Amino acid sequence: MATDYDAPRKTDEESEDSIEELKNRRNDKNSGKVDEDEVEAAEAFELPGADLSHEELTVRVLPRQQNEFTCASCFLVKHRSQIAKEKNGQFYCVDCAG
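Per chain, residues are indexed from 1 in the order of the written sequence. Side-chain atom pairs in this predicted model are given and counted only at pLDDT of 80 or more, local residue features only at pLDDT of at least 70, and totals for whole chains, interfaces and linings cover all residues. The basis for the side-chain values is all heavy atoms of the structure; hydrogens and waters are excluded.

A. Highlighting the side chain of Lys-78. Its place among the elements puts Lys-78 in strand β2 (residues 77–79). Note on exposure labels: buried denotes an accessible area under 20% of the residue type's maximum, exposed denotes more than 50%, and partly exposed covers the range between, all computed with a 1.4 Å probe on protein chains only. Given the relative accessible area of 15%, Lys-78 is considered buried. Under this definition, polar contacts are N or O atom pairs within 3.5 Å; protein pairs additionally need one hydrogen-donor-capable and one acceptor-capable atom, and for neighbouring residues in sequence, both atoms have to be side-chain atoms. A distance of 2.8 Å separates a polar atom in the side chain of Lys-78 from a polar atom in the side chain of Asp-95. Once you skip the residues sitting within four places of it in the chain, Lys-78 turns out to touch Asn-67, Glu-68, Phe-69, Cys-93 and Asp-95. The helix and strand labels rest on DSSP assignments: H or I over at least four residues marks a helix, E over at least two residues marks a strand, and numbering proceeds from the N terminus. We call two residues contacting when some pair of their heavy atoms lies within 4.5 Å.

As structure tokens, this is what we get:
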């Protein structure tokens, strides 16, 4: 549908909604709610291969090596070549110092 931008626009006096109607809409508790229950919808939706309950995760954790440090900001263990700055005996990685 074509729009005529030269046509006169409505003024405040010609507004279709009265102030009372607008106040009632604002006070209506159900006006912004969605009828669908989010939890119920999420339970009904299942991704293929998403059931990992029978899987077991085994990870070998190594202690921090001499050539590594723990960043004082992000707490990740990184190689010493990633040290960007040292402040009060604490090291900061390149990602956090920038």
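B. Structural context of the packing of aromatic side chains. Aromatic pairing here means that ring centres of Phe, Tyr or Trp (its six-membered ring) are within 6.5 Å. Orientation follows from the plane angle: under 30 degrees is stacked, over 60 is edge-to-face, and everything else is tilted. Following the criterion strictly, the structure yields one aromatic pair and no others. When the ring of Phe-69 is compared with that of Phe-91, the centres are 6.1 Å apart and the planes differ by 70°; the resulting orientation is edge-to-face. Separated by 22 residues along the polypeptide, Phe-69 in strand β1 (residues 68–70) and Phe-91 in strand β4 (residues 90–93) bring together distant segments of the chain. Both a distance and an angle decide whether a charge sits over a ring: NZ of Lys or CZ of Arg must be within 6 Å of the ring centre and within 35 degrees of the ring normal. Above the face of the Phe-91 ring, Arg-80 is positioned so that its terminal group lies 5.2 Å from the ring centre. Above the ring of Tyr-92, the side-chain terminus of Lys-85 is found at 5.3 Å from the ring centroid.

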